[in-house]
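Summary of the model geometry
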Amino acid sequence: MTVRIGVIGTGAIGRDHARRINQVLAGGEIVALSDVNRASAESLKADIAPAAEVFATGEELIASQGVDAVLVTSWGTTHEQYVLAAIAAGKPVFCEKPLAATAEGAKRIVDAEVAHGKRLVQVGFMRRYDAGYVALKQVVDSRIGAPIIVHAAHRNPTVPEQYGTPMAIHDTFIHEIDVFRWLLDDDYVSARVIFPRAAARAHARLRDPQIVILETAKGTVIETEIFVNCHYGYDIQCEVVGEDGIARLPEPMAIQTRLGATLGNPILTDWKDRFIASYDVELNDFLKAAAEGTASGPTAWDGYVAAITSDACVSAQDTAGEPVAISLPERPALYA
Ligand code: NAI
Ligand code: ISE
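Please read all numbers here as calculations on a predicted model, not as lab measurements.

Here the focus is the site of ligand 2. Surveying the vicinity of ligand 2 reveals the residues Lys-97, His-154, Asn-156, Asp-171, Thr-172, His-175, Tyr-234 and Trp-271. Between ligand 2 and Asp-171, the relevant distance is 2.5 Å, taken from an oxygen atom to a side-chain nitrogen or oxygen of the residue. When residues of the shell around ligand 2 are assigned to their parent elements, the largest contribution, three residues, is made by helix 7 (residues 167-184). Its residues assigned to classes, the shell around ligand 2 comprises two nonpolar, four polar and two charged.

Structure follows, in structure tokens:
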């Protein structure tokens, strides 16, 4: 079966996901597009999906009889309305992070999916599909003993002027929030944020870098440096310290050079290149489940927990290093 897909939001990642569905993966076809900037949808149609119909609104796209499943790749503040509409229509929906702009919004999605009685939502936490993280998890689960500490870094070369200090959590650190719950099979109980002096390249609205310290229910401490204007490259680091040894996330494959008396390893500069293979695998997972009328992979519950944790981290940006408690409601049976 070919799953007929509609894409809402045809910017950077919407375009890239449409490309992989039409040109890389089997089992899906882009048949519908919508963007508040219609010219963007028309341009994607011309370049990648000539057979797609362009809809004036995301709601019309979701309601179309010709659409089996939906990708929501618009701005984060607009995700909730489309995911709720897809659930109401009984259609599988892949939603980029964040699942919703607020924890309350994510809870409304969880409630709607639970009332529907079957999974329809996959959240775009692609790191769970990254070959490096998958290999790291195998070693953490089996070889280094119980985890005690995680050292991590999330560094972007640059971010736009409008990117403020909370966005470093909601937009960037949210990937660590999700992947470390999965990696450690644990949940968070508190968050602290420490600010070193601001780097010279930090924008007026951005205190950069910052260090977030999460503590888990099992007592593991995760300290992550978030440095979104680091200038030198796109660099994702993770080291897990266990009872018996240490495991590190592998570096992305790169050609090493010995040149001009220097041993060189290039560093990537774009998230698209760093996780290109994991986006393919996550969307393949979505297509397979959508063909069965359901969803797999990261759940709406994972999106909700990430939203609660993000809110705690943002609160902790204003407590001068004091911890902010994180408590989760009971997990519905649908997500057991
Ligand atoms: P973008 O700004 O390049 O594209 C967003 C598109 O959505 C724009 O074309 C905009 O006109 C459209 N849009 C905005 N509101 C809309 C609405 N109400 N209805 C329909 N279209 C609407 O942004 P980008 O970088 O593609 O990000 C989109 C989402 O994907 C964000 O939630 C972001 O956090 C997420 N993302 C995830 C990544 C990952 O690694 N998983 C990487 C980059 C983005
Ligand atoms: C972007 O939206 C992403 O999701 C990238 O994976 C992340 O590294 C970047 O900081 C975000 O802005």
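More follows now that the structure is in view.
Take the site of ligand 1 next. Every one of the 25 residues lining ligand 1 counts as a neighbour, but Asp-35, Trp-75, Tyr-82, Lys-97 and Tyr-279 are closest to it. Within the side chain of Asp-171, an N or O atom sits 3.2 Å from an oxygen atom of ligand 1. For the shell around ligand 1, the elements supplying multiple residues, two or more each, are helix 1 (12-24), helix 4 (79-88) and helix 7.

The subject of this paragraph is the sheet that holds strand 7 (residues 147-155). Ordered in space as 12-11-7-10-9-8-15, the seven strands form an open sheet in which the pairing is mixed. Every interior strand has two partners, whereas the edge strands, strand 12 (246-248) and strand 15 (324-325), have only one. Bridge count between strand 7 and strand 11 (residues 235-242): eight bridges; the pairing is antiparallel. Looking at strand 11, one finds that Ala-152 is bridged to Cys-238.

A word on the pattern of salt bridges. For side chains bearing opposite charge, pairing can occur when the charged atoms are close. According to the stated counting rule, one finds 19 salt bridges in the structure shown. A salt bridge links Asp-302 to Arg-128; the shortest N-O distance between them is 3.3 Å. Separated by 174 residues along the polypeptide, Asp-302 in helix 10 (residues 300-316) and Arg-128 in the loop between strand 6 (121-123) and helix 6 (131-142) bring together distant segments of the chain. The partner of Arg-248 in a salt bridge is Glu-239, and the shortest N-O contact between them spans 2.9 Å. Residue Arg-248 is classed as partly exposed on the basis of its relative accessible area, which comes to 46%. With a relative accessible area of 19%, Glu-239 lands in the buried category. Among the charged side chains, a salt-bridge network with shared partners connects Arg-128, Asp-178, Arg-181, Asp-187 and Asp-302.

Okay, helix 7 next. Since the α-helix packs 3.6 residues into each turn, any two residues three or four apart lie on the same face. Taking 1.5 Å per residue, 18 residues should reach 26 Å; helix 7 reaches 25 Å between its end C-alpha atoms and fits that length. Within helix 7, the axis deviates most sharply at Phe-173, by approximately 60°. For helix 7, the buried fraction is high: 15 of the 18 residues fall into the buried class. Positive phi shows up at Asp-185, right after helix 7, with a value of about 50°.

Val-83, Leu-99, Val-121, Leu-136, Phe-180 and Leu-214 are the most contacted members of the largest nonpolar core, which has 76 residues in total. For this core, the element with the highest residue contribution is helix 10, accounting for 11 residues. Residues in contact with Phe-180, not counting those within four places in the same chain, are Val-150, Ala-152, Asp-185, Tyr-188, Ile-222, Thr-224 and Cys-238. Ranked by size, the runner-up nonpolar core spans 21 residues in total, among them Val-3, Val-7, Phe-94 and Ala-290.

When the domains of the chain are assigned, the result is domain 1 (3-127 + 277-298) and domain 2 (131-269). Taking the mean C-alpha position of each, domain 1 and domain 2 sit 27 Å from one another. With six residues of domain 1 at the interface, the matching set in domain 2 holds 10 residues. Of the roughly 830 Å² buried between domain 1 and domain 2 on both sides combined, carbon and sulfur atoms contribute 60%. Ranking the residues of domain 1 by area buried against domain 2 places Lys-97, Phe-125 and Arg-127 at the top, with a combined share of 82%. Where domain 1 touches domain 2, the interface holds two salt bridges. In this structure, Arg-127 and Glu-176 form a salt bridge, with 2.8 Å as the shortest nitrogen-oxygen distance.

Quick look at the packing of helix 4 against helix 5 (residues 103-116) now. Across the interface, helix 4 lies against helix 5 with an axial gap of 10 Å and an inter-helix angle of 5°. With respect to helix 5, the element helix 4 is oriented roughly parallel. From helix 4, Glu-80, Val-83, Leu-84 and Ile-87 reach across to helix 5, where they touch Gly-105, Arg-108, Ile-109, Ala-112, Glu-113 and His-116. Residues of the contact of helix 4 with helix 5, tallied by class, amount to five nonpolar, two polar and three charged.

Cut-offs used in this document
- Residues numbered from 1 in each chain as written.
- Chains lettered and ligands numbered in written order.
- Predicted model: local features only at pLDDT ≥ 70, side-chain atom pairs only at ≥ 80, totals over all residues.
- Heavy atoms only, no water.
- Near = heavy atom within 4 Å.
- Polar contact = N/O pair within 3.5 Å; in protein donor to acceptor, adjacent residues only side chain to side chain.
- Helix = DSSP H or I, 4+ residues; strand = E, 2+ residues; numbered from the N terminus.
- Nonpolar A, V, L, I, M, F, W, Y, C, P; charged D, E, K, R; others polar.
- Pairing = 2+ DSSP bridges.
- Salt bridge = Lys/Arg side-chain N within 4 Å of Asp/Glu carboxyl O.
- Buried < 20%, exposed > 50% of the residue type's maximum accessible area, 1.4 Å probe, protein only.
- Expected span 1.5 Å × (residues − 1).
- Bend = angle between axes of the 7 residues up to and from the residue.
- Core = buried A, V, L, I, M, F, W, Y, C linked by side-chain atoms within 4.5 Å.
- Contact = heavy atoms within 4.5 Å.
- Domains from an automatic or database assignment.
- Buried area = accessible area lost by both parts, 1.4 Å probe.
- Axes fitted to C-alpha atoms, helices over the stretch in contact; angles between N-to-C directions.
- Parallel < 35°, antiparallel > 145°, perpendicular 65-115°, else oblique.

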